[in-house]
Amino acid sequence: AQSVAQPEDQVNVAEGNPLTVKCTYSVSGNPYLFWYVQYPNRGLQFLLKYITGDNLVKGSYGFEAEFNKSQTSFHLKKPSALVSDSALYFCAVRDKIYNQGGKLIFGQGTELSVKP
Amino acid sequence: DAGVTQSPTHLIKTRGQQVTLRCSPKSGHDTVSWYQQALGQGPQFIFQYYEEEERQRGNFPDRFSGHQFPNYSSELNVNALLLGDSALYLCASSLRQGLAKNIQYFGAGTRLSVL
């Protein structure tokens, strides 16, 4: 069965410092990986995806993620954190049982707190 | 361009009642998926609709049912509500084909409280 794990419930970073939110995955074959962000009382906003190609994926709001096949990881990164980045971050993998569409399987989420 | 819209935003029901949640997909999208997000958890997949048929289903009981209309909008119905059904229900829309077919866009959700 496909799954993702986010080993940290919470990440604390000072504003201006680089941030990393970790994600590891377990899939058969090549993974389709995603990062979403959720602000309080809001739905999920798409940040970026990895389907194929370059291991470093650039997304919205200055975020990027590095796909590492040997370590089965897809960590979210940003060079300089903003207070407004404080939110709940979810890593997800797309179920590939079906050729099209396919449900997203989410991790438990990581709460990012950026302090001034 | 309107994104995914869900209604209502909040709902309070009592045990045993039935509820209907509604979703309008992003313009041009033909596939709708529903997720349940319990407090402090990641979203859990309920089911997905395409061409007015349920195409994929997660591990949810038959009390959870859905429908997709010809205009691609969708409803989620939950019968015989239990306290454990209290959660944020998220609708996501996507394209079945094309370069953007792998991206699901989410609405703001409906917060259901069962008392």
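See above for the structure.
Model, not experiment: these values are computed from the prediction.

**Student:** Any chance you could explain the sheet that holds strand β8 (residues 74-78) of chain B here in plain terms?
**Tutor:** Across a sheet, strands are paired by hydrogen bonds formed along the backbone, either parallel or antiparallel in direction. Residues and elements named next belong to chain B. Spatially, four strands are ordered β1-β3-β8-β7 in an open sheet, and the strand pairing comes out antiparallel. Bordering the open sheet on either side are β1 (5-7) and β7 (64-68), each of which pairs with just one other strand. Each adjacent strand pair in this sheet contributes to an overall mean axis angle of 20 degrees, direction not counted.

**Student:** What is the right way to read the state of the cysteines from this model?
**Tutor:** Linking two cysteines covalently via their sulfur atoms produces the bond known as a disulfide. Taken as a whole and judged by the stated rule, the model has two disulfides over all chains. Between the sulfur atoms of Cys23 of chain A and its disulfide partner Cys91 of chain A the distance amounts to 2.0 Å. With the S-S dihedral at roughly -60 degrees, the linkage between Cys23 of chain A and Cys91 of chain A falls on the left-handed side. Separated by 68 residues along the polypeptide, Cys23 of chain A in the loop between β3 (19-21) and β4 (24-26) and Cys91 of chain A in strand β10 (residues 87-94) bring together distant segments of the chain. When its relative accessible area of 0% is taken as the criterion, Cys23 of chain A is described as buried. A disulfide bridge connects Cys23 of chain B with Cys91 of chain B, and the sulfur atoms are separated by 1.8 Å. In this structure, the disulfide formed by Cys23 of chain B and Cys91 of chain B twists by about -65 degrees around the S-S bond and is classed as left-handed. Of this pair, Cys23 of chain B sits in strand β3 (residues 19-24) while Cys91 of chain B sits in strand β9 (residues 87-94), and the two are 68 residues apart along the sequence. For the pair formed by Cys23 of chain B and Cys91 of chain B, the shared burial category is buried.

**Student:** How should I be thinking about unusual backbone geometry in this particular structure?
**Tutor:** Comment: phi is negative for the bulk of residues other than glycine, and the bulk of peptide bonds are trans. The omega angle of the peptide bond from Ser7 of chain B to Pro8 of chain B is -10 degrees, so this bond is cis rather than trans. The topology assignment puts Pro8 of chain B in the loop between β1 and β2 (10-13). In this structure, Thr72 of chain A takes a positive phi of about 45 degrees despite not being glycine. Note on placement: Thr72 of chain A falls in the loop between β8 (64-68) and β9 (73-78). Exposure remark for Thr72 of chain A: the relative accessible area of 31% places this residue in the partly exposed category.

**Student:** Can you help me understand the environment of Leu82 of chain B in this one?
**Tutor:** Residues and elements named next belong to chain B. Assignment of secondary structure puts Leu82 in the loop between β8 and β9. Of the residues examined, Leu82 reaches a relative accessible area of 46% and is grouped as partly exposed. Counting along the chain gives 66 residues from Leu82 to Gly16, while the straight-line C-alpha distance between them is 6.6 Å.

**Student:** Please clarify how the interface of chain A and chain B should be interpreted in this entry.
**Tutor:** Accessible area lost upon the coming together of the parts is a frequently used measure of interface size. Listed by partner, the interface residues are 22 residues for chain A and 20 residues for chain B. Where chain A meets chain B, there are zero salt bridges. For the pair chain A and chain B, the number of links is five residue pairs in polar contact (both at pLDDT 80 or more). Breaking the side of chain A that touches chain B down by element, the ones donating at least two residues are β5 (33-38), β6 (44-50), β10 and β11 (104-106) of chain A. For the side of chain A that touches chain B, the per-class residue count stands at 10 nonpolar, seven polar and five charged.

**Student:** How should I be thinking about the side chain of Gln104 of chain B in this particular structure?
**Tutor:** Within the element layout of this structure, Gln104 of chain B appears in the loop between β9 and β10 (105-106). A relative accessible area of 3% means that Gln104 of chain B is categorised as buried. A polar contact is formed between the side chain of Gln104 of chain B and the side chain of Tyr35 of chain B, at a distance of 2.8 Å. When residues no more than four places from it in sequence are discounted, the contact partners of Gln104 of chain B are Tyr36, Gly102, Lys103 and Leu104 of chain A together with Ser33, Tyr35, Gln48, Ala92, Ser93 and Ser94 of chain B.

**Student:** Please explain the pairing of strand β6 (residues 53-57) of chain B as it appears in this structure.
**Tutor:** Residue and element names in this part refer to chain B. The pairing of strand β5 (residues 44-50) with β6 spans four bridges and is antiparallel. What sits directly across from Phe47, in β6, is Arg57. Hairpin connection between β5 and β6: a loop of two residues separates the two successive antiparallel strands, and Glu51 in this loop has a positive phi of roughly 50 degrees.

Basis of the calculations
Residues numbered from 1 in each chain as written. Chains lettered and ligands numbered in written order. Predicted model: local features only at pLDDT ≥ 70, side-chain atom pairs only at ≥ 80, totals over all residues. Heavy atoms only, no water. Pairing = 2+ DSSP bridges. Helix = DSSP H or I, 4+ residues; strand = E, 2+ residues; numbered from the N terminus. Axes fitted to C-alpha atoms, helices over the stretch in contact; angles between N-to-C directions. Disulfide = S-S within 2.5 Å. Buried < 20%, exposed > 50% of the residue type's maximum accessible area, 1.4 Å probe, protein only. Contact = heavy atoms within 4.5 Å. Salt bridge = Lys/Arg side-chain N within 4 Å of Asp/Glu carboxyl O. Polar contact = N/O pair within 3.5 Å; in protein donor to acceptor, adjacent residues only side chain to side chain. Nonpolar A, V, L, I, M, F, W, Y, C, P; charged D, E, K, R; others polar.

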